[in-house]
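A closer look at the structure
This is what each chain is made of:
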Amino acid sequence: MFKLLRPRFIPAFPPLALLLISAGSIGFAFYAQYVQKLLPCVLCLYQRVPFYVVAGLSVIALLLIRFPAAARAVVYLCAATFAVGTFIAFYHVGVQELWWEGPAMCGGVQSGAGSIADLKAQLMAQPIIRCDKIDWTLFGITMPTVNVFFSAALTVFCLIAPSRWMKK
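The sections below set out a description of the structure shown in this document. Note that this is a predicted model, so its numbers are computed, not measured.

1. Details of the overall build of the protein
Counting its regular elements, the protein contains five helices and two strands. Expressed as a percentage of the 168 residues in the protein, the buried residues total 33%. Counting contacts in the protein only where the partners sit at least 6 residues apart, residues at least 24 apart contribute 73% of the total.

2. Overview of a nonpolar patch on the surface
Taken together, the side chains of F28, F30, Y31, Y34, V35, V49, Y52 and V53 define a hydrophobic patch exposed on the protein surface, amounting to about 760 Å² of accessible area. Of all the secondary-structure elements, those providing two or more residues to the nonpolar patch are α1 (13-35) and α2 (42-63). Residue contributions to the nonpolar patch peak at five residues, all from α1. The exposure class of F28 is partly exposed, given its relative accessible area of 47%.

3. Focus: the nonpolar core
In terms of nonpolar packing, the biggest core is built from 16 residues, with L18, C78, F82, F157 and C158 touching the most fellow members. Elements with a contribution of two residues or more to this core: α1, α2, α3 (68-96) and α5 (143-165). Tallying contributions element by element places α3 first for this core, with five residues. Dropping the residues within four chain positions of it, F157 is found in contact with F13, P14, A17, L18, P162 and W165.

4. A look at the side chain of Q47
Counting through the fold element by element, Q47 comes out in helix α2. Q47 sits in the buried class, given a relative accessible area of 8%. The residues contacting Q47, other than those within four sequence positions of it, are I88, A89, H92, P144 and N147.

5. Remarks on the environment of R72
Among the secondary structure elements, R72 is positioned in helix α3. For the pair R72 and A161, spaced 89 residues apart in sequence, the C-alpha to C-alpha distance is 8.6 Å.

6. Remarks on unusual backbone geometry
Its identity as a non-glycine residue notwithstanding, K37 has a phi of 60 degrees, on the positive side. Residue K37 is classed as exposed on the basis of its relative accessible area of 62%.

7. Observations concerning the packing of aromatic side chains
A complete count under the given rule lists nine aromatic pairs for this structure. Between F51 and F82 the ring centres are 5.5 Å apart and the planes differ by 65 degrees, which places this aromatic pair in the edge-to-face class. With F51 in helix α2 and F82 in helix α3, this pair connects stretches of sequence that are 31 residues apart. Under the relative-accessibility criterion, F82 is labelled buried at 0%. With a centroid separation of 5.9 Å and an interplanar angle of 65 degrees, the aromatic rings of W99 and W100 are classed as edge-to-face. Taking relative accessible area as the criterion, W99 reaches 51% and is therefore assigned exposed. Ring pairing ties together the aromatic residues F90, Y91, W99 and W100, which thus form one cluster.

8. Examining α1
For α1, with 23 residues, the first-to-last C-alpha span of 31 Å sits near the 33 Å given by 1.5 Å per residue. For α1, the complete set of buried residues consists of P14, P15, A17, L18, S22, S25, I26, A29, A32 and Q33. Looking at the packing, one finds that the buried side of α1 touches α2, α3 and α5.

About the thresholds
- Residues numbered from 1 in each chain as written.
- Predicted model: local features only at pLDDT ≥ 70, side-chain atom pairs only at ≥ 80, totals over all residues.
- Heavy atoms only, no water.
- Helix = DSSP H or I, 4+ residues; strand = E, 2+ residues; numbered from the N terminus.
- Buried < 20%, exposed > 50% of the residue type's maximum accessible area, 1.4 Å probe, protein only.
- Contact = heavy atoms within 4.5 Å.
- Patch = residues over 30% accessible without salt bridge, like charges linked within 9 Å, V, L, I, M, F, W, Y side chains within 5 Å.
- Areas by Shrake-Rupley, 256 points an atom, 1.4 Å probe, with all protein chains shown as cover.
- Salt bridge = Lys/Arg side-chain N within 4 Å of Asp/Glu carboxyl O.
- Core = buried A, V, L, I, M, F, W, Y, C linked by side-chain atoms within 4.5 Å.
- Phe/Tyr/Trp six-rings, centres within 6.5 Å; stacked < 30°, edge-to-face > 60°.
- Expected span 1.5 Å × (residues − 1).

Any link to function would need more than the numbers given here.
This is the structure we're talking about:
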């Protein structure tokens, strides 16, 4: 653990932190979905995508750590990815608070059924998860609201980290 704090390993800190944070966030989302039985809506699933992308980008940044300019550029791409995630989460908060209407897919089922009977069976078996329904809060704060601030903080981290820890 302390080897990571030595000066020659410090350039690996931002990508490694981003990888661990992304993996932990995805793990928490799966925990909420499969253990706590909080079924995600379409927008919840969209909010996971930036964390998948950043996990992949952070692995690329770790592989490019010997090329500081390239590794810094990848971390800046992570900042852009988290900024997009912030906007997705903010849009979801707006849908939950009824500031605006959600996408057509919210509350609906996408089907690949070949017949009307197959479609009916699929619709009856599929739970409908609405994007404007709040399933979980902590002190009145919903998960998308937490994600807005979390993604925004990670955006700022990705903008600051390359100049702080990934210098030549």
